[in-house]
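Structure at a glance
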Amino acid sequence: MKNSSSSSHSPIHVIGGGLAGSEAAWQIASAGVPVILHEMRGVRGTDAHKTDSLAELVCSNSFRSDDATSNAVGVIHAEMRMAGSLIMACADKHQVPAGGALAVDRDGFSDAVTQTIEANPLITVVREEISGLPPKEWDLAVIATGPLTAPGLAAAIQAETGADSLAFFDAIAPIVYRESINMDVCWYQSRYDKVGPGGTGKDYINCPMDEAQYNAFVDALIAGDTVGFKEWEGTPYFDGCLPIEVMAERGRETLRHGPMKPMGLTNAHNPTVKAYAVVQLRQDNALGTLYNMVGFQTKLKYGAQAEIFRLIPGLENAEFARLGGLHRNTYINSPTLLDRSLTLKSRPGLRFAGQITGCEGYVESASVGLMVGRFAAAERKGEPVLLPPDTTALGSLLNHITGGHIVNDEEPGKRSFQPMNINFGLFPELEPGSIQRPEGVKRFRGKDKTIMKRQLIAKRALKDCAEWLGVAPAMAESA
Ligand SMILES: Cc1cc2nc3c(=O)[nH]c(=O)nc-3n(C[C@H](O)[C@H](O)[C@H](O)COP(=O)(O)OP(=O)(O)OC[C@H]3O[C@@H](n4cnc5c(N)ncnc54)[C@H](O)[C@@H]3O)c2cc1C
C-alpha cells in the first residue's frame, strides 16, 4: 500500500473504481486530498465487466456526440474538460475515428485511467469488496459501485434507505420534449379531471386514437424489433411493469384496457367524438420541458421506438429526450434520499456517485463522479461546497437527480424516478426574447428556432461553467 502522508488531510474513501469512482478519486487527489479507492474486481467480478482495469467500458466504446455547440452530451464533455476530468483526458488521448462522436479504443482508454490513478501519489487502490456501509471511521466516503453493485453492499444500502428506495431494474418509458408535441391534436387533462395533490386537473397531455389508428399501432408494436435480455439479467418484468409490446402481444384489447384506456378523458378539440384509445404523457421535470409516456416501458430497439411512437397522433414530430428501456440496474431514489451535494441525508459524510444515483451513461456517470469528488474534497478541506450553476450541463444533471424530477403524486408510494441522461430538457429556459430571427434570414422555422435555442443554451452553459470553475472563458471556447 502506498503512503499518502504527503498530505495533511485524512483520506476520503471511494468505493468502486468504475467511470464515476475513478473520476471522483482523481478530482479529490487533484485538490490535494488523499484517496483510498476500493475496487472489487481482481477479487470478485461482475456479470458485465471482463477485465480488472479501472473505468472499464462494459458495452459500447462511444462517449456519444462531441459537439459542444448544440448537443447536450457535447456540452457536458466540454464542461468536464474544463474541470480537468481524467476520464475526458484519457478518452481524448485514445480517441478512434467516429464522425461527430467521441469513441475510444476501450483497452487503451481504461489502461490509461488505471495507470494514471495508480501512479498518483495521493491515491491508493485497494482490491477488495466492501460488503457493508462504510464504517463510521471513514468519515467521508463515496459509494460509486454502479448498476452492478455487489449484493452485500446493495443490501446494506437498502437497509439504510428503505426497501423501496433501491431498485434493481429500471423500467424507462420514453421521454418527449414538450415543445415537439402537437397541441393542435393533443390536449391537457387529468383522467376524470382529478386534481390530486399538487395537481390542476390538467396534468397530462393526451393523444387520441381512433380504432383504425389503434389497430395499426398495435400491429406495429407486435412487429417491432426488440432487444433481448442478457442471460444474467433474467426476465425482470412482472405484470405491473410489462413492456408495451408484450402487452400488445397478449391481446389486441390489452392496451386499451391498460395504459391506453380512454375512460375519463374528453378530447378538447373534438368533444363529441369519444377516442378509442388515448396515450397519456405526464410531466417529468419541474421545468415542464419533458413529458414521459405513461406505461410505455419497452424493449423495442431505439430506431423502432422512434418510428412506432411517431404513429401516435400528436407525436408525429416528437423528439425524444430519451428512449425507453428495461435493464438490470441498481440505483437509489436520489430525489428523496440525497441532498444537493449528493450526500445521503441520513448519513452525513456519505455521498453517492455515478449510475447508482440515477444518471444514465458513461459520460453522465463520470460527470457525477467529478462533481462528488470536488464536493467531498471541499468538505474535507473545510471550504465551501460550490455547486455548479443550474444553467450548466453539470448543474442541470445534478438538479434533476436531486429534485428536478417531479414525483408522481397520483400514485403515492409508487416510485417514478427513472435513470436519466443529459439532454436539453434538463436545462432552465432562456430569458424571454433570447431567440430572435437573425438579420437577413427570411424563413425562420420552428426547427431553426430549436437549433438556435440549443446553441444559446450551450453557450450560456459553457460561460457559466467557466465562471464556476474560475477558468478563463477562452477555455470554454476551446473545451
Ligand atoms: C450491461 C451494461 C451495458 C451498458 N452499456 C452502456 C453503453 O453502451 N453506453 C453507456 O453510455 N452506458 C452504458 N451502460 C450504463 C453505464 O453508463 C455504465 O454502467 C457505467 O459504467 C456506469 O458507471 P459507474 O461508475 O456508475 O459504474 P461502473 O462503471 O460499473 O463502476 C462500478 C465499479 O464498482 C465496483 N463495485 C461494485 N460493487 C462493489 C463493492 N461492493 N465493493 C467494491 N467495488 C464494487 C465494480 O466492480 C465496478 O468497477 C451500461 C450498463 C450496463 C449494466
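Residues numbered from 1 in each chain as written. Predicted model: local features only at pLDDT ≥ 70, side-chain atom pairs only at ≥ 80, totals over all residues. Heavy atoms only, no water.

**Quick word on the sheet that holds strand β4 (residues 95-96)**
Quick reminder of the rule: Following DSSP output, two strands are said to pair if at least two bridges run between them. Here a helix means four or more residues in a row that DSSP labels H or I, a strand means two or more in a row labelled E, and each is numbered from the N terminus.
The strand order β3-β5-β4 describes an open sheet built from three strands, whose pairing is antiparallel. With one partner strand each, in any of the chains shown, β3 (62-65) and β4 form the two edges of the open sheet. In this sheet, strand β5 (residues 101-104) lies alongside β4 in antiparallel orientation, the contact comprising two bridges. Bridge assignment links Q95 to a residue of β5, and that residue is V104.

**Some details on the pattern of salt bridges**
In plain terms, the rule: Salt bridges are defined as contacts in which a side-chain nitrogen from Lys or Arg sits within 4 Å of a carboxyl oxygen from Asp or Glu.
Inspection of every chain in the model, using the stated rule, returns 19 salt bridges. The partner of K453 in a salt bridge is E179, and the shortest N-O contact between them spans 2.9 Å. Within this pair, whereas K453 is found in helix α12 (residues 446-469), its partner E179 is found in the loop between β9 (175-177) and β10 (187-188), the two being separated by 274 residues in sequence. Here K463 and E467 are joined by a salt bridge, their closest N and O atoms 3.9 Å apart. Taken together, the residues span about one helical turn, with K463 and E467 both in helix α12 at a distance of four residues. Salt bridges here are not isolated pairs; linked through shared partners, they connect E39, R41 and E56.

**Description of unusual backbone geometry**
How we decide: Only protein chains enter the calculation, and the probe is 1.4 Å; a residue is then buried if its accessible area is under 20% of its type maximum, exposed if over 50%, and partly exposed in between.
Phi at A55 takes a positive value of approximately 50 degrees, unusual for a residue other than glycine. Looking at A55, the relative accessible area reads 0%, which means it is buried. Backbone geometry at D193 places phi at a positive 55 degrees, although glycine is not the residue there. Mapped onto the elements of the fold, D193 is located in the loop between β10 and β11 (204-209). We classify D193 as partly exposed; its relative accessible area is 46%.

**A short note on the site of the ligand**
Basically, it comes down to this: Being near a molecule or strand, for a residue, means having at least one of its heavy atoms within 4 Å of it. Polar contact is defined as a pair of N or O atoms within 3.5 Å, subject to the rule that within protein one atom must be able to donate a hydrogen and the other to accept it, and that residues adjacent in sequence are counted only when both atoms are side-chain atoms. Each accessible area is a Shrake-Rupley result for a 1.4 Å probe, and residues are judged covered by the shown protein chains and nothing else. Charged residues are taken to be Asp, Glu, Lys and Arg, nonpolar residues to be Ala, Val, Leu, Ile, Met, Phe, Trp, Tyr, Cys and Pro, and polar residues to be all remaining types, Gly included.
Taken together, 31 residues surround the ligand, and among them E39, I130, Q355, G361 and Y362 come closest. Interatomic distance of 2.7 Å between a side-chain N/O atom of E39 and an oxygen atom of the ligand. Here an oxygen atom of the ligand and a backbone polar atom of S60 are 3.1 Å apart. Relative to its unbound accessible area of 980 Å², the ligand is 92% covered by the protein chains. Listing elements by their share of the shell around the ligand, those giving two or more residues are α1 (19-30), β2 (35-39) and α10 (362-380). Tallied by class, residues from the shell around the ligand come to 13 nonpolar, 14 polar and four charged.

**As for the domain arrangement of the chain**
How big an interface is tends to be reported as the loss of accessible area on association of its parts. Rule in force here: The split into domains, and so the bounds of each, comes from an automatic or database assignment of domains. Note on contacts: a residue pair is in contact if any heavy atoms of the two residues lie within 4.5 Å. Using a 1.4 Å probe, buried area is obtained as the accessible area two parts lose upon being combined, added over both of them.
With domains assigned, the chain is organised as domain 1 (12-165 + 332-428 + 456-478) and domain 2 (171-328). With 22 residues of domain 1 in contact, the opposing surface of domain 2 contributes 21 residues. With both chains or domains summed, domain 1 and domain 2 bury close to 1800 Å², and 52% of this area falls on carbon and sulfur atoms. At the boundary of domain 1 and domain 2, one finds one salt bridge. Residues D47 and R328 are paired through a salt bridge, measuring 3.6 Å at the closest nitrogen-oxygen approach. Here the side of domain 1 that touches domain 2 is built from residues that sort into nine nonpolar, eight polar and five charged.

**Points about the environment of C359**
Structurally, C359 is set in the loop between β16 (350-352) and α10. Linking C359 and S334, residues 25 residues apart in sequence, is a C-alpha distance of 9.7 Å. Beyond its immediate sequence surroundings of up to four residues, C359 is in contact with G354, E364, S365, V368, L397, I401, P419 and M420.

**Some points on the sheet that holds β16**
Basically, it comes down to this: Between N-to-C directions, angles cover 0 to 180 degrees, with each direction set by a line fitted to C-alpha atoms, over the stretch in contact for helices.
Spatially, β6-β2-β1-β7-β16 is the arrangement adopted by the five strands of the open sheet, whose pairing is parallel. At either margin of the open sheet sits one strand with a lone partner, and together these are β6 (123-127) and β16. Looking at each pair of strands side by side, their axes are set apart by 20 degrees on average, direction ignored. Here α1 sits on the sheet in contact with β1 (12-15), β2 and β6, set at roughly 170 degrees to β2. Together, β1, β7 (141-143) and β16 form the strand contacts of α10, whose direction differs from that of β16 by roughly 165 degrees.

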